[in-house]
Amino acid sequence: MISRVMSAELAEHAGQRVTIAGWVHRRRQLKSVSFLVVRDRTGLAQAVTAHDLPGEESVVQVTGTVTASPQAPGGYELVAPEIEVLAEPCAAPPFDLFRPEPGATLPTILDHAPVALRHPRLRAPLEIAAAGVAGFRETLDGLGFTEIHTPKIVGSATESGANVFGLDYFGRPAYLAQSPQFYKQAMVGVLERVYEVGPVFRAEPHDTARHLAQYTSLDAELGFVRDHRDVMAVLREVVAGMTESVRRRAASAAALVGATLPEVPAEIPAVHFTEAQRLTSCDEPDLSPVQERRLSEWALREHGSEFLFVTGYPMAKRPFYTHPDPARPGYSNGFDLLFRGLELVTGGQRLHAYADYVAALAARGEGTQAYEGYLQAFKHGMPPHGGFALGLERWTARLTGAANIRQTTAFPRDLHRLSP
Ligand code: AMO
């Protein structure tokens, strides 16, 4: 490894001769003096020299003496530097990476993602996402969950038949997994409490600001619940842990993009679906994006909360594995969590008796054949259980205020985009 200090550590080395390494973020050649700003994974550092400078995005190693300088990023700069060029670019970036705001449209940014994402403001959401995932894992590890890794090539659709990508698996039909739903449930029979962080695939025919064809799903599933409310309590801890982790691990990225971190109430307010309908004057069996926004505004007004649970969705609108509400025929023990006007999480209690699965599939006109592997778990005794899935890109978009979730993932896949 090249022996180097990071730009954020310069202050600790005042007076010493040190080496930094990174990309030429910016160069300013004045008449008698030149400034070289180097970007590394921790931030920016400046070197001052009388010599000519390599061009922007050159990869350099700079050895110099750390000297206090109020105008330099971080308050220190390298003087009397020796500059070694490790790699020279052979093309100019699609836009200036050194300007505070990336001066490019979203399509230009996405078309040139490998370079464009180097812009500090475009990189920041990725750091925030990573901190969120770390908080997800940390919280669930602390609650006795085990991380699992399940197949992404599967033999049957989990969420619905409509938006599944088919593929040819050695001559047999197969699908890209829409969710780890079946496997995470089966693994409750093995490990009781499990979670997974992984890609899921939806052949979304809609070109919206909140749908991708591949996204990162943060899934959890746990056994021995009384009903969906126990799952909601775990989800509250997860969301609080993710928020705290962003605060702790990605403070400078959050500050750079003006991300505002939510207060997670000790108990997140919840409304039943029928109440949500009444509040938004709607009688459709599902909530539209406009209604989700109105409900979020209501929760903020009435409860001072940026989060709102909507519980008891109609059974007709939930997948077959959903547990009905024993007290309210037609309604489920399924919930969504809304965050700042957007559905962030879906979850609920699941059926756990084998006979109930057979009946639920029959009621939807389906046999058990396509689900034999999954149904094994229920033939052999499964506790009452439930879980949830949180869409990582939506979480990051809501934290950073990004209008489009494509701004919060490095290489989004959608209706039109398969590259880079
Ligand atoms: P659902 O299909 O509602 O539930 O997905 C869960 C969460 O994933 C996010 N999400 C998406 N994000 C980006 N692009 C998409 N196309 C997309 N679709 C969904 C949302 C959503 O709330 N198996 C159930 C979860 C469970 O019950 O445990 C499921 O997948 O944030």
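Conventions we followed
- Residues numbered from 1 in each chain as written.
- Predicted model: local features only at pLDDT ≥ 70, side-chain atom pairs only at ≥ 80, totals over all residues.
- Heavy atoms only, no water.
- UniProt positions renumbered as here; feature names shortened; annotations may be inferred.
- Helix = DSSP H or I, 4+ residues; strand = E, 2+ residues; numbered from the N terminus.
- Buried < 20%, exposed > 50% of the residue type's maximum accessible area, 1.4 Å probe, protein only.
- Salt bridge = Lys/Arg side-chain N within 4 Å of Asp/Glu carboxyl O.
- Axes fitted to C-alpha atoms, helices over the stretch in contact; angles between N-to-C directions.
- Parallel < 35°, antiparallel > 145°, perpendicular 65-115°, else oblique.
- Left-handed = near helix turned anticlockwise from the far one by under 90°.
- Contact = heavy atoms within 4.5 Å.
- Arc of directions from axis to C-beta.
- Polar contact = N/O pair within 3.5 Å; in protein donor to acceptor, adjacent residues only side chain to side chain.
- Pairing = 2+ DSSP bridges.
- Phe/Tyr/Trp six-rings, centres within 6.5 Å; stacked < 30°, edge-to-face > 60°.
- Lys NZ or Arg CZ within 6 Å of the ring centre and 35° of its normal.

The name given to the chain in an unreviewed UniProt entry is Aspartate--tRNA(Asp/Asn) ligase, and the organism recorded there is Nonomuraea longispora. According to the UniProt record, the Sequence similarities (unreviewed entry) comment for the chain is "Belongs to the class-II aminoacyl-tRNA synthetase family. Type 2 subfamily." Looking at the Function (unreviewed entry) heading of the UniProt record, one finds this comment for the chain: "Aspartyl-tRNA synthetase with relaxed tRNA specificity since it is able to aspartylate not only its cognate tRNA(Asp) but also tRNA(Asn). Reaction proceeds in two steps: L-aspartate is first activated by ATP to form Asp-AMP and then transferred to the acceptor end of tRNA(Asp/Asn)."

**Q** Looking at this structure, I do not really get the environment of S281. What am I missing?
**A** Counting through the fold element by element, S281 comes out in the loop between α7 (273-279) and α8 (289-303). By relative accessible area, S281 is classed as exposed at 70%. In this structure, the C-alpha to C-alpha distance between S281 and Q291, residues 10 residues apart in sequence, is 9.0 Å.

**Q** Any chance you could explain the pattern of salt bridges here in plain terms?
**A** A side chain with one charge can pair with a side chain of the opposite charge if their charged atoms come near. Across all of its chains, the model carries 24 salt bridges by this definition. One salt bridge connects E127 with R123, and the closest N-O pair in it is separated by 3.2 Å. Pair noted here: E127 and R123 are both in helix α3 (residues 120-142), with a separation of four residues, about one helical turn. Where salt bridges share partners, they join K184, D219, E221 and R350 into one cluster.

**Q** Quick question: what am I supposed to make of the packing of α3 against helix α5 (residues 228-249) here?
**A** When two helices pack together, their arrangement is given by the angle between their axes and by how far apart the axes lie. Running from N to C, α3 and α5 point in directions that differ by 135°, and their axes come no closer than 7 Å. Looking at the two axes, α3 sits oblique to α5. Between α3 and α5 lies a crossing whose hand is right-handed. Across the interface between the two elements, I128, A131, G132, A134, G135, F136, E138, T139 and L140 from α3 touch V234, E237, V238, G241, M242, S245, V246, R248 and R249 from α5.

**Q** What should I look at first to understand helix α9 (residues 354-363) in this one?
**A** At 3.6 residues per turn, the α-helix brings residues three or four places apart onto the same side. When α9 is considered as a whole, its buried residues turn out to be Y357, A360 and L361. Angularly, the buried residues of α9 cover 95° about the axis, an arc narrow enough to put them on a single face. Opposite the packed face of α9, turned more than 90 degrees from it, sit the exposed residues A355, A362 and A363. Residues of α9 that are buried make contact with α4 (181-191) and α10 (372-379). Within two residues after α9, G365 carries a phi angle of roughly 75°, on the positive side.

**Q** How do you make sense of the side chain of H211 when you look at a structure like this?
**A** Along the chain, H211 falls in the loop between β10 (193-201) and β11 (214-223). Residue H211 is classed as buried on the basis of its relative accessible area of 18%. Within the local environment of H211, its side chain forms a polar contact with the side chain of T208, the two groups lying 2.7 Å apart. Leave out the neighbours within four places in its chain, and H211 touches E204, R394, I405 and R406.

**Q** Hey, could you run me through the sheet that holds strand β7 (residues 153-154) in this one?
**A** Strand-to-strand pairing in sheets goes through backbone hydrogen bonds, with the strands running parallel or antiparallel. Ordered in space as β7-β9-β8, the three strands form an open sheet in which the pairing is antiparallel. The sheet is open, and its two edges are formed by β7 and β8 (166-169), each paired on a single side. Direction of pairing for β7 relative to strand β9 (residues 172-176): antiparallel, over a ladder of two bridges. Paired with I153 across the strands is L176, a residue of β9.

**Q** For this particular structure, what's the right way to read the packing of aromatic side chains?
**A** For any two aromatic rings, the description comes down to two numbers: the centre-to-centre distance and the angle of the planes. Under the counting rule described, the total for this entry stands at 16 aromatic pairs. When the centroid spacing of 5.4 Å and the interplanar angle of 85° are considered together, the rings of F309 and F335 count as edge-to-face. Separated by 26 residues along the polypeptide, F309 in strand β13 (residues 307-311) and F335 in strand β14 (residues 334-339) bring together distant segments of the chain. With relative accessibility at 2%, the residue F309 sits in the buried group. For F335, a relative accessible area of 0% corresponds to the buried category. What links up through ring pairs into an aromatic cluster is the set F182, F320, Y321, Y357, Y371, Y374 and F378. Above the plane of the ring of Y313 lies R318, whose end atom (NZ or CZ) is 4.4 Å from the centre. The side chain of R328 reaches across the aromatic face of Y331, ending 5.4 Å from its centre.

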